[in-house]
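# Coordinates in review
Spelled out, the chains give:
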Amino acid sequence: MFVSASPVYLDAAAAAPLHPVARQALLAALDDGWADPGKLYTQARRARQLLDAAREAAAQTLDVRADELSFTPSGTTAAHAAVLGGVTGRRRVGTALVHSAIEHSAVLHAAERHVAAGGTAVPVPVDRSGRLDLAAWSAAVAAPGVAFAALIGASHEVGTVQPVPAAAAACADAGVPLYVDAAQLIARVPLPAGWSVLTASAHKWGGPPGVGLLVVRKGTRWESPFPTDERESGRTPGVVNLPAVVAAAASLRAAAADAAAEATRLAPLVDRIRVRVAAEVPDVEVVGDPVDRLPHLVTFSCLYVDGEALLHALDRRGFAVSSGSSCTSSTLRPSHVLEAMGVLSHGNVRVSLHRETTEADVERFLAELPGVVADLRAQAGVTGL
Amino acid sequence: MSEPDEVLDCRGQRCPLPVIALARRLPELPVGAVLRVLADDPAAAVDIPAWCRMRNQQFVTAHPDAPAYDIRRTT
């Protein structure tokens, strides 16, 4: 019988383990920041101070003004608000939303809502490496009637970094505001310039779940798509989860301070996975751009292997990874990102590293993966096909 | 649509089964033959062309309404 070693968590792109700074801040704020920051008594003033300090810290980390940044109940809410607020704010200019074909599902769901309400959505293709087709993007945003454009900063599924500065220049030429989904960029790589709206999600950088960031630059014609109250500059309604927000802001600052060193440490491990998987697992397609990519995320697809079976086999050996294969999704459809790239979608594995990932973790994964894949192929009778 | 040399019915099968069936059958056909794979799993639309690229076989066309995919053995 196989005796499993300590678990190796390799799905930071879904949720990174809680940063110790986040845990510390969360516990302190549970004691100190439970009151409604909108009220006028002593406890509320203390809560307000914590909220203001969190906002100031997050804004400084992202190099934006504090009044441009709102905390939302999740990254998904922030993405919905970004897209729907962007098209609402410019509805007199036009009704078209331009977006890449590889946006996060939260952006695509918001786009569906926009279309259901009578708008149009224009998806822009990517190449086989998952990079935006810039010529098609430039033509799409320059067309008449474009209200808003959305581009993921780097693919959350395959890691390819998108040409945001060039895409932003095309938007600027056309006078179209650009929204960048920075969920996989923040506290990993420097933020690109040229965007008008930006979102992120705290649990991707080691903050607690249930906190998103929505940044709307001054002068952007953005209008909240939600019923509006006085919270968060009217950008997202309801009292924020203040302890979680405090923890998110504290861990953002800590993770961003370590980002360059962590990228230097993790990028060679990602390169090692790319090279070794391609060399040691037969009939595998390592996807995403080999160079222009996130430092912590790598994706590959194993021919003839059932993605769900592969995830379970890896889980039994203690490895937590993600997959874009159709059998692992509730809709039984393959990942729209892999589909847009035209790469193999079954037997797909996404590995994403974080601050607790060690070289030994990666080595153990690389040592065990070829045998896991070979066993599954032998069981399915597809060896040698 | 022009008639294929053989039809492989993989309807109702989940990926990767249609691709596995294709990989088993195509090498048994003569070079130049066209195999039509009927497959209603949405992943087949992605994975059959990807398999052709990885295996240097020719993806002739997709018939989205069927749904069916024509593959020519080239090597």
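Everything that follows concerns the structure shown earlier in this document.
Notes on the structure in this doc start here. Fair warning: this is a prediction, and the values are worked out from it, not measured in the lab.

Residue and element names in this part refer to chain A. Two numbers describe how helix α7 (residues 242–280) lies on helix α10 (residues 359–380): the axes approach to 10 Å, and their chain directions differ by 15 degrees. Considered as vectors, α7 and α10 are oriented roughly parallel to each other. As for the relative orientation of α7 and α10, their crossing is right-handed in sense. Every residue of α10 that contacts α7 at Leu269, Arg272, Ile273, Arg276, Val277 and Glu280 is listed here: Glu359, Val362, Leu366, Leu369 and Pro370. Classifying every residue of the contact of α7 with α10 gives seven nonpolar, no polar and four charged.

Opposite the 14 residues of chain B that make contact, chain A presents 19 residues. Those elements that place two or more of their residues in the side of chain B that touches chain A are α1 (17–25) and α2 (44–54) of chain B. Broken down by element, the side of chain B that touches chain A gets its largest block of residues, five residues, from α2 of chain B. The residue inventory of the side of chain B that touches chain A, partitioned by class, reads eleven nonpolar, no polar and three charged.

Moving on: α7 of chain A. With 39 residues, α7 of chain A extends just 48 Å between its outermost C-alpha atoms, more than 12% less than the 57 Å of an ideal straight helix rising 1.5 Å per residue. Ala259 of chain A marks where α7 of chain A bends most, by close to 55 degrees.

All names here are of chain A. Where burial is concerned, the two faces of strand β2 (residues 69–72) agree: the one with Leu69 and Phe71 and the one with Ser70 and Thr72 are both buried. Inspection of the sheet shows β2 paired to strand β8 (residues 212–216) by four bridges, in the antiparallel sense. Residue pairing for β8: Thr72 is matched across the bridge by Gly212.

Turning to the sheet that holds strand β3 (residues 58–63) of chain B, a few remarks are in order. Residue and element names in this part refer to chain B. Pairing in this open sheet of four strands is mixed, and the strands run β1-β2-β4-β3 from one edge to the other. The open sheet terminates on both sides in strands that have one partner only, identified here as β1 (6–9) and β3. Taken pair by pair, the neighbouring strands of this sheet meet at an average axis angle of 20 degrees, ignoring direction. Strand direction decides the pairing type here: β1 and strand β2 (residues 34–38), joined by four bridges, are parallel. Within β2, the position partnered with Asp9 by the bridge is Leu38. Contacts from α1 reach β1, β2 and β4 (68–72) within the one sheet, and its direction differs from that of β2 by about 160 degrees. Seen against the sheet, α2 touches β2, β3 and β4 and runs at an angle of roughly 165 degrees to β3.

Now for the packing of helix α3 (residues 75–89) of chain A against helix α4 (residues 105–116) of chain A. All names here are of chain A. Where α3 contacts α4, the axes come no closer than 8 Å and their chain directions differ by 35 degrees. Like other packed secondary-structure pairs, α3 and α4 cross with a definite hand, here right-handed. Two secondary-structure elements touch here, α3 through Thr76, Ala79, His80, Val83, Leu84 and Val87 and α4 through Ala106, Val107, Ala110, Ala111, Arg113 and His114.

Cut-offs applied
Residues numbered from 1 in each chain as written. Chains lettered and ligands numbered in written order. Predicted model: local features only at pLDDT ≥ 70, side-chain atom pairs only at ≥ 80, totals over all residues. Axes fitted to C-alpha atoms, helices over the stretch in contact; angles between N-to-C directions. Helix = DSSP H or I, 4+ residues; strand = E, 2+ residues; numbered from the N terminus. Parallel < 35°, antiparallel > 145°, perpendicular 65-115°, else oblique. Left-handed = near helix turned anticlockwise from the far one by under 90°. Contact = placed C-beta atoms within 7 Å. Nonpolar A, V, L, I, M, F, W, Y, C, P; charged D, E, K, R; others polar. Expected span 1.5 Å × (residues − 1). Bend = angle between axes of the 7 residues up to and from the residue. Buried ≥ 20, exposed ≤ 12 C-beta atoms within 10 Å, placed from the backbone. Pairing = 2+ DSSP bridges.

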